[in-house]
Protein chains: 2
Amino acid sequence: MLRISKMTDYATVLLARLAAAPERQLTAAQLSAVTHLAAPTVSKVLKQLHRRGLVSSTLGLRGGYRLARPAAQITAAQILDALEGPMALIECASHSHQCSIESTCGVGRAWQRVNLAIHRSLQEITLVELAGLGGEPVRFAALERALRGGRAERA
Amino acid sequence: MLRISKMTDYATVLLARLAAAPERQLTAAQLSAVTHLAAPTVSKVLKQLHRRGLVSSTLGLRGGYRLARPAAQITAAQILDALEGPMALIECASHSHQCSIESTCGVGRAWQRVNLAIHRSLQEITLVELAGLGGEPVRFAALERALRGGRAERA
DNA sequence: TGATATAGGACTAAACTAGTCCTATATCAG
DNA sequence: CTGATATAGGACTAGTTTAGTCCTATATCA
Ligand code: FES
Ligand code: FES
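Being a predicted model, the structure only gives us computed values, none of them experimental.

1. A few points about helix H3 (residues 39–51) of chain B
Residue and element names in this part refer to chain B.
Logical step 1: Taking 1.5 Å per residue as the helical rise, H3 with its 13 residues ought to reach 18 Å, and the 18 Å between its terminal C-alpha atoms agrees with that figure.
Logical step 2: Where H3 is concerned, the buried positions are Val-42, Val-45, Leu-46, Gln-48 and Leu-49. The buried residues of H3 occupy an angular sector of 160° when the element is viewed end-on, so they sit on one face. Opposite the packed face of H3, turned more than 90 degrees from it, sit the exposed residues Pro-40, Lys-44 and Arg-51.
Logical step 3: The inward-facing, buried residues of H3 contact helix H1 (6–20), helix H2 (28–35), strand S1 (55–58), strand S2 (64–67) and helix H4 (76–84).

2. Some words on the packing of helix H2 (residues 28–35) of chain A against helix H3 (residues 39–51) of chain A
Packed helices, taken two at a time, are described by their axes: the angle between them and the distance between them.
All names here are of chain A.
Logical step 1: In contact at an axis separation of 9 Å, H2 and H3 are set at 120° when each is read in the N-to-C sense. By the angle between their directions, the pair H2 and H3 is classed as oblique. Remark: the crossing between H2 and H3 carries right-handed chirality. Note on element contacts: H3 touches H2 through Ala-39, Val-42 and Leu-46, opposite Ala-28, Leu-31, Ser-32 and Thr-35.
Logical step 2: Taken together, the residues that form the contact of H2 with H3 break down as five nonpolar, two polar and no charged.

3. So, the protein's contact with DNA strand D
Logical step 1: Neighbouring DNA strand D are 25 residues; A:Lys6, A:Lys44, B:Lys47, B:Ser57 and B:Tyr65 lie closest to it.
Logical step 2: Close to the protein, within 4 Å, the atoms of DNA strand D belong to sugar or phosphate groups at a rate of 69%.
Logical step 3: Within the contact set of DNA strand D, a phosphate oxygen lies 3.2 Å away from a side-chain nitrogen or oxygen of A:Tyr10.
Logical step 4: The side chain of A:Arg62 places a nitrogen or oxygen atom 3.1 Å from a phosphate oxygen of DNA strand D.
Logical step 5: Elements with a contribution of two residues or more to the surface near DNA strand D: helix H1 (6–20) and H3 of chain A together with H3, S1 and S2 of chain B.

What counts as what
- Numbers given to residues run from 1 along each chain, matching the order in which its sequence is written.
- Here the convention is simple: chains get letters from A, ligands get numbers from 1, in the order in which they are written.
- In keeping with the model being predicted, local features are shown solely for residues with a pLDDT of at least 70 and side-chain atom pairs are shown and tallied solely at 80 or more, while totals for entire chains, interfaces and linings include all residues.
- Neither water nor hydrogens contribute to the side-chain values; these are computed over all heavy atoms in the structure.
- Per the convention used, a helix needs a DSSP run of H or I reaching at least four residues, while a strand needs a run of E reaching at least two, with both numbered from the N terminus.
- Here the expected span of a helix is defined as 1.5 Å times the quantity of residues minus one.
- Three labels apply to residues, based on accessible area from a 1.4 Å probe with only protein chains included: buried if under 20% of the type maximum, exposed if over 50%, partly exposed otherwise in between.
- Arc definition: directions from the helix axis to the C-beta atoms.
- Two residues qualify as a contact provided that any one of their heavy atoms is within 4.5 Å of a heavy atom in the partner residue.
- Working convention: axes come from line fits to C-alpha atoms, limited for helices to the stretch in contact. Angles between N-to-C directions cover 0 to 180 degrees.
- Each angle is binned into one of four classes, with values under 35 degrees roughly parallel, values over 145 roughly antiparallel, values of 65 to 115 roughly perpendicular, and all other values oblique.
- Take the far helix as your reference; a near helix turned counterclockwise from it by less than a right angle gives a left-handed crossing, and one turned clockwise gives a right-handed crossing.
- Residues are grouped as follows: Ala, Val, Leu, Ile, Met, Phe, Trp, Tyr, Cys and Pro are nonpolar; Asp, Glu, Lys and Arg are charged; every other residue, Gly included, is polar.
- Any residue with a heavy atom positioned within 4 Å of a molecule or strand is treated as near that molecule or strand.
- Polar contacts here mean pairs of N or O atoms no more than 3.5 Å apart (in protein, one a potential hydrogen donor and the other a potential acceptor; neighbouring residues in sequence count only if both atoms are side-chain atoms).

What follows is the structure in structure tokens.
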């Protein structure tokens, strides 16, 4: 359904760790140790996150990583986009009209709107929620409110 | 992001065709002709849809497929589930605690809740909307209302 | 100067997807 | 009864994607 690749999950784990200690600067090795993820993998993910501007880094001895901005300003959508590209919606319409049946279809567009709606929802979920740092564990109030509004709340 | 496989898209296209002529019974060959999808592929998708109970079929000469129930009772979530399995959420927690870092993580659960919220939203979108048969083109009111509720409507 | 870190990218193995094809079975016309 | 038409099921292949490792270059500082 919503397929989150392992790498994206790892990214979230690492970002959550960094978010938990915003003042410190952690090395890839430290993050590997504390998360029990393989060092090369951690390194790879962090480099990707750095490329996409979610973390900032310091080179050399005493180097390391830290969040590029407060956790509240990092959204689930940004994490997804950083690790999995702009967003792999329905394949048909993604790269300039590759689909041979586009004319008779009309369905692709509908799926894309679903995708867009989801993407916008994910922009409301921040690293604070994902990392469980806020008071509430995770709060998808916005998304869930929609369901209750559109259909009678059950029980 | 939300990765819909081609097969799922094809399924939607085929279901939309069937929904457009609920009284008729169409063969795989006819559907292939009208959608311009390769015959073997159409066949494969229809068989899968039959297995999952979304279409009913008649064997033999003058056989064919038709919707198993009214389009309004077939949801996007059902289509997704039929083609892509129960729902491939975050890989970690999907198959009984495979993840080695589950204890230190806590993030998987957050993603899963996101996934669940999306899944529930998709239960409110029916084939009628996907096929563009209703008066309105597609109506993700529920999902979009959430965004407007959580954040000031722009423009 | 050398130890420590990140940066970037090449590379491999495994998993998944898309798509085709083959065989079996049900239905019905003649 | 026989043969043509359709679906049912599943095996199989090729292509793509993902996960993960490894190597080389560069920056920092004791
Ligand atoms: S646009 Fe490609 S199947 Fe709909
Ligand atoms: S449970 Fe596996 S990474 Fe979180």
